[in-house]
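What the coordinates show
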Amino acid sequence: MSLDLDERQRAMLAEMNIPVWWPPTAAEAEVEAVAMVAPAASVPAASSPVAPESIAVSAQPARAAGLKHSEDQVAPTLQPRPTGIDTMDWPALQAAVAGCRACKLCEGRHNTVFGVGPAAPAPGLAPQVDWLIVGEAPGENEDLAGEPFVGQAGKLLDNMLRAVGLDRHSNAFIANVIKCRPPGNRNPEPEEVAQCEPYLRRQIELLQPKIILAMGRFAVNALLQATVPEVHKLPLGKLRGQPHQYRGVPVVATYHPAYLLRNLPDKAKAWADLCLALEVLQRAA
Ligand code: SF4
């Protein structure tokens, strides 16, 4: 006997706390399959035009996990990151990110979000900026626009930056830890952060900023994990108020603009962080 329930009926049963099993939808099955694929499996080198740098996410079809799939379902087609990221120039790095399929976030993106800043002074060079702003990952608007910090959070960030004489198109570069949008704006997973990290590292090497403003938990964790022991266990509030270091560049930790939109009283703290970053920069000069 088949039990053919529509969404409304399922919701009603769930509301009444009556458990009913039904076969997973195609989307549910896909999510389950991706979650169950062993994370350490490797991809044959022949599947990619470039040699693998490292692989942390399996490209094996979900069928390998013993799950039943309809024939038209397609598992993520992942490829190794390009080799030589740490010697790429700016245009090569941009191209590498644009074509990257090293983690499953490539599947749902409309655009990669490399970052935004002033034009480079000459072909092959990175933009010249003192300030680098680092956020977490693109949201829906950023994914569609291919640019970080658009929408309301972006307006707030622009206003904050303008207050200290900064502008994303003239003297500050804005980037994210993760270059592709996590579906449903979920938090990036550790293997996604690990796969994407070399791109941000190379961006920082090429930009040579004099100060980095790390906005939000993930940016702070990613940038300070090598210098602040157990940084992920520390509340963001404890990391504010003092400059930290990322490969010799001072880092000031602050709140993400999206958080500030929901927590207006903390805007004053974010302003204090921005002033601290300015002070650190002026002291260094
Ligand atoms: S999130 Fe980063 S590592 Fe993953 S596909 Fe996008 S660019 Fe590549």
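Reading the values: the criteria
Residues numbered from 1 in each chain as written. Predicted model: local features only at pLDDT ≥ 70, side-chain atom pairs only at ≥ 80, totals over all residues. Heavy atoms only, no water. Helix = DSSP H or I, 4+ residues; strand = E, 2+ residues; numbered from the N terminus. Buried < 20%, exposed > 50% of the residue type's maximum accessible area, 1.4 Å probe, protein only. Contact = heavy atoms within 4.5 Å. Areas by Shrake-Rupley, 256 points an atom, 1.4 Å probe, with all protein chains shown as cover. Expected span 1.5 Å × (residues − 1). Arc of directions from axis to C-beta. Salt bridge = Lys/Arg side-chain N within 4 Å of Asp/Glu carboxyl O. Polar contact = N/O pair within 3.5 Å; in protein donor to acceptor, adjacent residues only side chain to side chain. Phe/Tyr/Trp six-rings, centres within 6.5 Å; stacked < 30°, edge-to-face > 60°. Core = buried A, V, L, I, M, F, W, Y, C linked by side-chain atoms within 4.5 Å.

Some words on the overall build of the protein chain
In terms of regular secondary structure, the protein chain is built from 10 helices and five strands. Put simply, the protein chain has 285 residues, and 44% of those count as buried. Within the protein chain, residue pairs in contact and separated by at least 24 positions form 68% of the contacts whose partners lie at least 6 positions apart. With the model as given, the accessible surface of the protein chain reaches about 14900 Å², and the carbon-plus-sulfur share is 56%.

Focus: helix α5 (residues 151-163)
In this model, α5 (13 residues) spans 19 Å end to end at C-alpha, consistent with the 18 Å of a helix rising 1.5 Å per residue. For α5, the set of buried residues is Ala153, Gly154, Leu156, Leu157, Met160 and Leu161. For α5, the arc enclosing every buried residue in end-on projection is 160°, short of the 170-degree limit, so these residues lie on one face. Facing away from the buried surface of α5 by more than 90 degrees, the exposed residues are Gln152, Lys155, Arg162 and Ala163.

Regarding the pattern of salt bridges
Applying the stated criterion across every chain yields a total of 16 salt bridges. One network of salt bridges, in which partners are shared, links Lys104, Arg186, Glu189, Glu191 and Glu192.

Concerning the side chain of Thr254
Summarising the element assignment, Thr254 is placed in strand β5 (residues 249-254). Side chain to side chain, Thr254 and Asp273 meet in a polar contact 2.6 Å long. Here Thr254 is in contact with Leu213, Ala214, Met215, Gly216, Leu236, Ala270 and Asp273, once residues within four sequence places are set aside.

Focus: the packing of aromatic side chains
Following the criterion strictly, the structure yields three aromatic pairs and no others. Between Trp90 and Phe114, the aromatic rings sit 5.0 Å apart at their centres with planes inclined by 75°, giving edge-to-face as the arrangement. Of this pair, Trp90 sits in helix α3 (residues 90-98) while Phe114 sits in the loop between α3 and β1 (131-135), and the two are 24 residues apart along the sequence. Residue classification places Trp90 among the buried residues on the basis of a relative accessible area of 6%. Every member of this aromatic cluster is reached through a ring pair, and the members are Trp90, Phe114 and Phe173.

A few points about the nonpolar core
In terms of nonpolar packing, the biggest core is built from 66 residues, with Trp131 and Ile212 touching the most fellow members. Those residues in contact with Trp131 that sit more than four places away from it in its chain are Leu166, Asn171, Ala172, Phe173, Pro209, Ile211, Leu274, Ala277, Leu278 and Leu281.

Read these as spatial facts, not as claims about activity.
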